[in-house]
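Here is how the chains run, residue by residue.
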Amino acid sequence: KQWYQRRVAITAGIFLAIVGVAFGNLCKGVNKRDISAAFAAARVGSAAIFGNSCPGFDFDSVALSGECKAIVKQATCYGLQAASHYDSDVVNYGQLASDVSNMEELGNLACAQARGCFLQVSAAMEACKAANADFVQDTIDAAESAYKENFEDKAAAFAKSSKGSLLGDLASMALDRFSSADDIQDFIEEHLTEGVKSDASAAAEEAQALAKGWCDDGCTSSTARFLEGIFGHMNGGGCDDASEFCGECQSRAASYFARNQLPCCIEKVVRRGIVAYDYVIANYSEALESYGAAVGSGLSASGLAEAKAIRDRVVEEFGCVSAVYSANRPECA
């Protein structure tokens, strides 16, 4: 039963990915033809995935009505806006600051409607399952066919053209290891021990409780005000690249914290994250090291060097963020 429920959830996730739910009035200023084109593409995608496994599935009644109507449209509009807003070689903190209000509107909408929308999509998936005992497998097969027809050659071409780079090497390894959805499922089942299942279930419950508390406490808006302030303060001077924190950006962030306290909403999430990280390290460090070694052995010399450079950069940047956070932790109940 648990495996079946996971597969139904995966199928619902495929649908939500097609729609783009992961993205207030966010549609203001967005070209209506672009919105229509996005929905048209989603209809084509849903027909390709669900056309044979669930002929009665109707994209519009599931995604563009009821609990999903507002969030799907607003999410689509945000995605279109963001594509334009961040269309630059270097993203700065000023761009982030000016987009916070849009993220806030989408976040508050998600708090109000995301669960209802997910339940609506899940109900549609259950109806499809009731009409076709092989619905889940048929849908996965259709998704695999769509990938092979539309993306497999592109993925292979990317891997070939990027040979010797980290992404190129990883793409080649993935293509060699996973040639079908069954390969992916076999890999997951090979590593999905009872302990991992139990921890994943507990983590999911913890995440749901944390999200509910976040929404109930109005954390989206209070966090938005803080982020607008700190991003706006950091932008300028020698801090002109949001992908970098150490140095001038770190100094400007520290000066902001001297007069402004980190919201307890954020502190609570950070503390939970640290606890989760410590648990993973204590219980899965050997497995993670083994996976890392396996991946490393498959990389080219240049790909491995790139991976190590990225690791060193991440460690350095994290250290700078951690230093500012540790020096300015708020006192929360």
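Preceding this section is the structure that the text describes.
All of these numbers come straight from a predicted model, not from anything done at the bench. (Residues numbered from 1 in each chain as written. Predicted model: local features only at pLDDT ≥ 70, side-chain atom pairs only at ≥ 80, totals over all residues. Heavy atoms only, no water.)

1. Structural notes on the overall build of the protein
Right, so step 1: Across its full length, the protein carries 14 helices and zero strands.
Right, so step 2: When the helices and strands of the protein are read in sequence order from the N terminus, they spell out α-α-α-α-α-α-α-α-α-α-α-α-α-α.
Right, so step 3: Over its C-alpha atoms the protein spans a radius of gyration of 22 Å, differing by no more than 12% from the 20 Å that the globule rule assigns to 333 residues.
Right, so step 4: In terms of overall dimensions, the protein has a C-alpha envelope of 60 × 50 × 40 Å along the principal axes.
Right, so step 5: Summed over all atoms, the accessible surface of the protein reaches about 19,400 Å², with 57% contributed by carbon and sulfur. (Helix = DSSP H or I, 4+ residues; strand = E, 2+ residues; numbered from the N terminus. Rg over C-alpha atoms; globule rule 2.2 N^0.38 Å. Areas by Shrake-Rupley, 256 points an atom, 1.4 Å probe, with all protein chains shown as cover.)

2. A few points about the state of the cysteines
Right, so step 1: Under the defined criterion, the tally for this structure stands at eight disulfides.
Right, so step 2: Cys-111 shares a disulfide with Cys-215; S-S distance 2.1 Å. Across the S-S bond linking Cys-111 and Cys-215, the dihedral sits near -75 degrees, which makes this disulfide left-handed. Highlighted residues: Cys-111 in helix α5 (residues 93-131) and Cys-215 in helix α10 (residues 194-216), separated in sequence by 104 residues.
Right, so step 3: Taking relative accessible area as the criterion, Cys-111 reaches 30% and is therefore assigned partly exposed. (Disulfide = S-S within 2.5 Å. Buried < 20%, exposed > 50% of the residue type's maximum accessible area, 1.4 Å probe, protein only.)

3. Brief notes about a nonpolar patch on the surface
Right, so step 1: On the surface, Tyr-277, Tyr-279, Val-280, Ile-281, Leu-288 and Tyr-291 cluster together into a nonpolar patch covering about 570 Å² of accessible area.
Right, so step 2: Here Tyr-279 is to be found in helix α13 (residues 264-297). (Patch = residues over 30% accessible without salt bridge, like charges linked within 9 Å, V, L, I, M, F, W, Y side chains within 5 Å. Salt bridge = Lys/Arg side-chain N within 4 Å of Asp/Glu carboxyl O.)

4. Brief notes about the nonpolar core
Right, so step 1: Within the largest apolar cluster, 32 residues are counted, with the highest numbers of intra-cluster contacts made by Phe-57, Val-72, Met-125 and Phe-135.
Right, so step 2: For this core, the leading source of residues is α5, giving seven residues.
Right, so step 3: Counting 20 residues, the second-largest nonpolar core is a separate cluster that includes Phe-226, Ile-230, Ala-253 and Leu-262. (Core = buried A, V, L, I, M, F, W, Y, C linked by side-chain atoms within 4.5 Å.)

5. Quick look at a negative patch on the surface
Right, so step 1: Where like charges cluster on the molecular surface, the negative patch consists of Asp-134, Asp-138, Asp-141, Asp-182, Asp-186 and Glu-189.
Right, so step 2: No other element matches helix α9 (residues 181-191), which puts three residues into the negative patch.
Right, so step 3: Take Asp-134: it is sitting in the loop between α5 and α6 (135-150).
Right, so step 4: The partly exposed category is assigned to Asp-134, whose relative accessible area is 48%. (Lys, Arg positive; Asp, Glu negative; His and termini not counted. Charge placed at Lys NZ, Arg CZ, Asp CG, Glu CD.)

6. Quick look at the pattern of salt bridges
Right, so step 1: Taken as a whole and judged by the stated rule, the model has 12 salt bridges.
Right, so step 2: Beyond isolated ion pairs, a larger network of salt bridges with shared partners links Glu-104, Arg-225 and Glu-228.

7. What about the side chain of Asp-241?
Right, so step 1: Residue placement: Asp-241 occurs in the loop between α11 (219-234) and α12 (248-257).
Right, so step 2: Look at Asp-241: it is buried, it has no salt bridge, and the nearest opposite charge is Arg-313 at 6.0 Å.
Right, so step 3: At 2.7 Å, the side chain of Asp-241 forms a polar contact with the side chain of Ser-243.
Right, so step 4: The residues touching Asp-241, leaving out its near neighbours within four places in the chain, are Val-90, Val-91, Tyr-93 and Cys-249. (Polar contact = N/O pair within 3.5 Å; in protein donor to acceptor, adjacent residues only side chain to side chain. Contact = heavy atoms within 4.5 Å.)

8. Some remarks on helix α14 (residues 301-327)
Right, so step 1: Counted at 1.5 Å a residue, the expected span for α14 with its 27 residues is 39 Å, and the 39 Å between its end C-alpha atoms agrees.
Right, so step 2: Next to the buried residues of α14 lie α8 (166-177), α12 and α13. (Expected span 1.5 Å × (residues − 1).)

9. Digging into the packing of α11 against α12
Right, so step 1: Between α11 and α12, the shortest axis-to-axis distance is 9 Å and the interhelical angle comes to 135 degrees. Looking at the two axes, α11 sits oblique to α12. In this structure, α11 meets α12 at a crossing whose hand is right-handed. On the side of α11, the interface is formed by Phe-226, Gly-229, Ile-230, His-233 and Met-234, while α12 contributes Cys-249, Arg-252, Ala-253, Ser-255, Tyr-256 and Phe-257.
Right, so step 2: Of the residues assigned to the contact of α11 with α12, the class counts are seven nonpolar, three polar and one charged. (Axes fitted to C-alpha atoms, helices over the stretch in contact; angles between N-to-C directions. Parallel < 35°, antiparallel > 145°, perpendicular 65-115°, else oblique. Left-handed = near helix turned anticlockwise from the far one by under 90°. Nonpolar A, V, L, I, M, F, W, Y, C, P; charged D, E, K, R; others polar.)

10. Some points on the packing of aromatic side chains
Right, so step 1: Following the criterion strictly, the structure yields six aromatic pairs and no others.
Right, so step 2: Taking 4.7 Å as the distance between ring centres and 40 degrees as the angle between the ring planes, the aromatic pair formed by Phe-50 and Phe-57 counts as tilted.
Right, so step 3: Given the relative accessible area of 1%, Phe-50 is considered buried.
Right, so step 4: The exposure class assigned to Phe-57 is buried, which follows from its relative accessible area of 14%.
Right, so step 5: Ring geometry for Phe-226 and Tyr-256: centres 5.8 Å apart, planes at 70 degrees, overall edge-to-face. In this pair, Phe-226 is assigned in helix α11 and Tyr-256 in helix α12, connecting sequence segments 30 residues apart.
Right, so step 6: For Tyr-256, a relative accessible area of 11% gives the class buried.
Right, so step 7: Ring-pair connections join several aromatic residues into one group, and the members of that group are Phe-50, Phe-57 and Phe-135. (Phe/Tyr/Trp six-rings, centres within 6.5 Å; stacked < 30°, edge-to-face > 60°.)

Everything listed here is a matter of coordinates, which is why it stays silent on function.
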